[in-house]
Each structure stands twice: as C-alpha cells, then as structure tokens.
Amino acid sequence: MGRYLGKRLLQMIPVLLILTFIIFSLVYVAGDPVALMLPPEAGEAAKASLRQALGLDKPFYVQFLIYITNLLRGDFGRSYEYNQDALSLVLERLPYSVELAVTALFVSIVLGVCLGIASAHFKDTPFDLLVSGFSALGQALPSFWIAIMLILIFAVKWKILPVSGSGTWKNLVLPAATLTILTSAKIVPLIRSNMIDVMHQDYIRTAKSKGLKSSTIIFKHAFKNTLVPVVTIIAMQIPTLIGGALITETIFAWPGLGMLIYRGVANLDMTVVQAGVITVALITILANLISDITYCLIDPNIKY
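Rules of the game
- Residue positions are given per chain, counted from 1 along the sequence in the order it is written.
- Totals for whole chains, interfaces and linings use every residue, but because this is a predicted model, local features are given only for residues with pLDDT of at least 70 and side-chain atom pairs only at 80 or more, for both listing and counting.
- Neither water nor hydrogens contribute to the side-chain values; these are computed over all heavy atoms in the structure.
- Here a strand is any run of E in DSSP of at least two residues, a helix any run of H or I of at least four, and the numbering for each starts at the N terminus.
- Under the scheme applied here, a residue whose accessible area is under 20% of the maximum for its type counts as buried, over 50% as exposed, and between as partly exposed, the area being computed with a 1.4 Å probe on protein chains only.
- Here, residues are in contact when the closest pair of their heavy atoms is within 4.5 Å.
- Any residue with relative accessible area above 30% and no salt bridge may belong to a patch, with like charges joined within 9 Å and the nonpolar Val, Leu, Ile, Met, Phe, Trp and Tyr side chains within 5 Å.
- In short, Shrake-Rupley with a 1.4 Å probe defines the accessible areas, and a residue's cover is counted only from the protein chains shown.
- For salt bridges, the criterion is a side-chain nitrogen of Lys or Arg within 4 Å of an Asp or Glu carboxyl oxygen.
- Note on terminology: a nonpolar core comprises buried Ala, Val, Leu, Ile, Met, Phe, Trp, Tyr and Cys residues joined through side-chain atoms within 4.5 Å.
- Pairing of aromatic side chains requires ring centres within 6.5 Å, counting the rings of Phe and Tyr and the six-membered ring of Trp. Pairs whose planes differ by under 30 degrees are stacked, by over 60 edge-to-face, and all others tilted.
- Polar contact is defined as a pair of N or O atoms within 3.5 Å, subject to the rule that within protein one atom must be able to donate a hydrogen and the other to accept it, and that residues adjacent in sequence are counted only when both atoms are side-chain atoms.

S.K.: How should the side chain of Thr 180 be read in this particular structure?
M.R.: Secondary-structure assignment places Thr 180 in helix H8 (residues 169-198). Note on Thr 180: relative accessible area 8%, which makes it buried. Not counting residues within four places of it along the chain, the set of residues in contact with Thr 180 comprises Ala 104, Val 107, Ser 108, Leu 111 and Ala 185.

Here it is in structure tokens:
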C-alpha cells in the first residue's frame, strides 16, 4: 500500500502542474486587472508603471515561470481587491465551505442511502415512483431555483430562517438544504439500481433460503456490495460541494470559497481566483485518492 500511495502522490505533481498552467492561461486571457485597480481617469503612464510593478508587462512564459517559482515558496500573490495574501484569504474562507459541504454531504448520504434502499425494497410501488420522481426533479432543477424557492417558503412566507449570512446554525440550514437536494438526488438512483441488481444475485437467494431476516439480508449482505459506485459519486461530489457551490454561496451570501472565487472573477482579482481554483483542484485529487483507498477497504478483491 505504501508503494501505491507513493506512486499516486508522484502522479499528482504533473497533474497539478498541468492544471496550474491551464488556470494561469485562462486567467492571463481573461482581462487586464490594472484597469480595475486604477481610477478611470488614470493615464497610460500610471497604468504602465503599475503593470511593471506587478510584472504584468513581461512575456507570458516569464510570468508563468515566476508564478510557479512563487508557488513553490507558498506565495500565491496578493489580492488586488483585498490587498491581502491570496492564500491566506482562501484558507480564511475554506472552513466555511468545509462546514457547508460536510453538513450537506452527511445529510445527503443518510437521506440518499435510506431512500435508495427503501425504493429498491418497494420496487414499482407508489413509494418507489415518488422517490424516483424526487430524484429526477433534484437532478433537473437548477440550484438557483431550489435556493430561491427555499427562501420564499422558509424565510419570506414562514419567517423561520434567515435569508443570508453566517454565524448560527439557522444560517446554515437553507444553503445546506439546497446542496443536500442536489447531492442526494444523485445518490438515490445509484443506490436503488445497484440494490435491485444485487438482490437478484445467487448469494442473496441463498441467504433468503436460509430464512434470514430481510433487514439482515439488505444491510449485511446486499448493501455492502453497492458501496463501491456510491463511494465514487461521493468522492466526485466533495470538490463540487467545497468549491463548486458558487451559486448557492452567492445567493445566500455564505462567506465560503465559492463566494470568494465569484467575487474574484467579477473584479478580475486573478490571484484569488488562481489560489481558489488550485485549492479546489488539490481537494479533487485528494478525494479521488481517498476513494481509491476506500475501494480496497470495502472490497478486498480490488487490488492496489
């Protein structure tokens, strides 16, 4: 296992290098941040002086090499908008995104597993149709529409939850509920379809013939063999929840990483955008590594 981990960690180096190059290239062509940093009446001389001070007057490859060198020292540059180290800004906002992501993911797993198993157990019943309909709607509806509906119901009409901000558990409910609906809707059909396939296997028929209880058959024998694809989709959702919940965090003014990246894009604060996206990319790679290790813990037949 140690050899496998070492190999995977070495593979992360070229992946991160390629991702960094792509992110830097996209940011390079996105626009000139100097135009936003200086007032409209600033002359060309002032703009040229600022570009030279920031190193933006150098050729693309020189800027990229300087950026990589700075990254190796842990320097992501300074935010143009906040006048603060970009990495410290990302690390300051990351706990908010982690809190939101962990809450939504935990509830999604519990809800998705319970509904998926129940839907498979009561296949082709009205309950199954209801759960399948919820799953289809959850995947079809855009996140901003779900967020707005939750605000209208729980904040505007019933006035039991705050619309935006952070600080208490009540502020967490609506954004977490939005992400939970989106994530659990992807887990439910996967659990359902895998449970239906597993329940027709020979070893399940053997367990039934021995007179085992339905709960024992489902949770001890069947459910374990549905976990590998579930782990895959959960691992795929982790970076999405942490850095990709941009719309949800923006609607609810949740001070997480998604909101920070959105403001960085809107204000051409590219050092913040680069730091945020690279952080999300690193989380994605680590999530995939953890999921690969988890496969082997779930199913010993899977080799490293």
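There's more to say after this.
S.K.: How should I be thinking about a nonpolar patch on the surface in this particular structure?
M.R.: Together, Phe 144, Trp 145, Ile 148, Leu 152, Ile 153, Val 156, Trp 158, Ile 160 and Ile 247 make up a nonpolar patch on the protein surface, roughly 830 Å² of accessible area in all. Ranked by residues supplied to the nonpolar patch, first place goes to helix H7 (residues 143-157) with 6 residues. Its place among the elements puts Trp 158 in the loop between H7 and H8.

S.K.: What is the right way to read the nonpolar core from this model?
M.R.: Here is a general trend for soluble globular proteins: nonpolar side chains tend to be buried in one another's company. Counting residues in each nonpolar core, the largest one holds 51 residues, and the members touching the most others are Phe 76, Ile 117, Ile 191, Met 195 and Leu 257. With 11 residues, helix H5 (residues 86-121) is the largest single contributor of residues to this core. Excluding residues that lie within four positions of it along the chain, Met 195 makes contacts with Ile 117, Ala 120, Ile 218, Ala 222, Phe 223 and Thr 226. The next biggest cluster of nonpolar side chains, apart from the first, holds 9 residues, and it includes Leu 150, Ile 151, Ala 155 and Leu 174.

S.K.: I'm lost on the packing of aromatic side chains in this one. Help?
M.R.: Tallying each qualifying case throughout the model produces 9 aromatic pairs. Measuring from ring centre to ring centre gives 6.2 Å for Tyr 96 and Trp 254, while their planes differ by 80°; the resulting arrangement is edge-to-face. Of the two residues, Tyr 96 is situated in helix H5 and Trp 254 in the loop between helix H12 (246-251) and helix H13 (257-266); the sequence distance between them amounts to 158 residues. Given a relative accessible area of 32%, Tyr 96 falls into the partly exposed group. For Trp 254, a relative accessible area of 2% puts it in the buried group. Following the ring pairs from residue to residue traces out a cluster consisting of Phe 21, Phe 24, Tyr 28, Phe 60, Phe 64 and Tyr 67.

S.K.: How should I be thinking about the pattern of salt bridges in this particular structure?
M.R.: Pairs may arise between side chains of opposite charge once their charged atoms sit close together. Inspection of every chain in the model, using the stated rule, returns 2 salt bridges. A salt bridge links Arg 263 to Glu 81, with the nearest nitrogen and oxygen atoms 2.3 Å apart. On the criterion of sequence distance, the pair formed by Arg 263 in helix H13 and Glu 81 in the loop between helix H4 (60-72) and H5 is long-range, its members being 182 residues apart. For Glu 81, a relative accessible area of 31% corresponds to the partly exposed category. In this structure, Asp 128 engages Arg 192 in a salt bridge whose closest nitrogen and oxygen atoms are separated by 2.8 Å. Highlighted residues: Asp 128 in helix H6 (residues 126-140) and Arg 192 in helix H8, separated in sequence by 64 residues. Summarising the burial analysis for this pair, Asp 128 and Arg 192 share the class buried.

S.K.: Explain the environment of Leu 130 to me, please; I cannot follow it from the model alone.
M.R.: Structurally, Leu 130 is set in helix H6. On a C-alpha basis, the gap between Leu 130 and Ser 119 in space is 8.9 Å, while along the polypeptide they are 11 residues apart.

S.K.: Just checking my understanding: could you explain unusual backbone geometry for this structure?
M.R.: Glycine aside, negative phi is the norm for most residues, and most peptide bonds take the trans geometry. Of note, the phi angle at Asp 124 is positive, near 65°, even though the residue is not glycine. In this fold, Asp 124 is placed in the loop between H5 and H6. Of note in this structure, Lys 159 is not a glycine but carries a positive phi near 55°. Along the chain, Lys 159 turns up in the loop between H7 and H8. With relative accessibility at 65%, the residue Lys 159 sits in the exposed group.

S.K.: It is not clear to me how the side chain of Ser 184 should be interpreted in this structure. Could you clarify?
M.R.: Relative to the elements of secondary structure, Ser 184 occurs in helix H8. A polar side-chain atom of Ser 184 sits 2.6 Å from the main-chain carbonyl oxygen of Thr 180. Apart from the residues lying within four places of it in its own chain, the contact partners of Ser 184 are Ser 108, Leu 111, Gly 112 and Phe 134.

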